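So you can see what is in the structure, the chains are spelled out below.
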Amino acid sequence: MANRLREATERGWLGEVDGLKVSLDAANQKLTRMRKLRAQARTVDLPTPTPLRRP
């Protein structure tokens, strides 16, 4: 994406530059949220499933 942003800037494609910046910012925000969630991750102990008993 950095290459696309550089090319759009060099060619003066202002609309494309703005769109790429918005996309890049959103991707960075999502990565930040994912890293925070991963740091908070905990293991959950689930019970062993038991077979359903039919009458």
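Everything discussed here concerns the structure shown above.
Residue indices begin from 1 for each chain and proceed along its sequence in written order. Two thresholds apply to this predicted model, a pLDDT of at least 70 for residue-level local features and 80 or more for giving and counting side-chain atom pairs, whereas whole-chain, interface and lining totals are computed over all residues. Values reported for side chains reflect all heavy atoms of the structure, with hydrogen atoms and water molecules removed beforehand.

Student: Teacher, can you tell me more about the pattern of salt bridges here?
Tutor: Where charged atoms from two side chains of opposite charge approach closely, those side chains can pair. Salt bridge, as used here: a side-chain nitrogen of Lys or Arg that lies within 4 Å of a carboxyl oxygen of Asp or Glu. Tallied over the full model, the rule gives two salt bridges. Here Glu-16 makes a salt bridge to Arg-4, at a shortest N to O gap of 3.6 Å. You can see Glu-16 sitting in helix 2 (residues 14-40) and its partner Arg-4 sitting in helix 1 (residues 2-11), a full twelve residues away along the chain. A relative accessible area of 37% places Glu-16 in the partly exposed class. In this structure, Arg-11 and Glu-7 form a salt bridge, with 3.1 Å as the shortest nitrogen-oxygen distance. With Arg-11 and Glu-7 both in helix 1, this residue pair falls four residues apart, about one helical turn. A run of H or I in DSSP counts as a helix once it spans at least four residues, and a run of E counts as a strand once it spans at least two, with each numbered from the N terminus. Categorising residues by exposure relies on relative accessible area from a 1.4 Å probe, with only protein chains included: less than 20% of the type maximum marks a residue as buried, more than 50% marks it as exposed, and the intermediate range marks it as partly exposed.

Student: Mind showing me how you'd approach the packing of helix 1 against helix 2 here?
Tutor: Helix packing for two helices is described by the angle between their axes and how far apart those axes are. Angles here are taken between N-to-C directions and fall from 0 to 180 degrees, while the axes themselves are lines fitted to C-alpha atoms, restricted in helices to the stretch in contact. Relative orientation of the contacting elements helix 1 and helix 2 amounts to 155 degrees, with a least axis distance of 9 Å. In terms of orientation, helix 1 lies roughly antiparallel with respect to helix 2. In this structure, helix 1 meets helix 2 at a crossing whose hand is left-handed. Taken together, the residues of helix 2 that come into contact with helix 1 (itself represented by Arg-4, Leu-5, Ala-8 and Thr-9) are Glu-16, Val-17, Leu-20, Lys-21 and Leu-24. All amino acids are sorted into three groups, where Ala, Val, Leu, Ile, Met, Phe, Trp, Tyr, Cys and Pro are nonpolar, Asp, Glu, Lys and Arg are charged, and the leftover types, Gly among them, are polar. Partitioning the contact of helix 1 with helix 2 into residue classes produces five nonpolar, one polar and three charged. Roughly parallel means an angle under 35 degrees; roughly antiparallel means over 145; roughly perpendicular covers 65 to 115; every other angle is labelled oblique. Should the near helix be turned anticlockwise from the far one by less than a right angle, the crossing is termed left-handed; should it be turned clockwise, right-handed. Only heavy atoms enter the contact rule, under which two residues are in contact if any of them lie within 4.5 Å.

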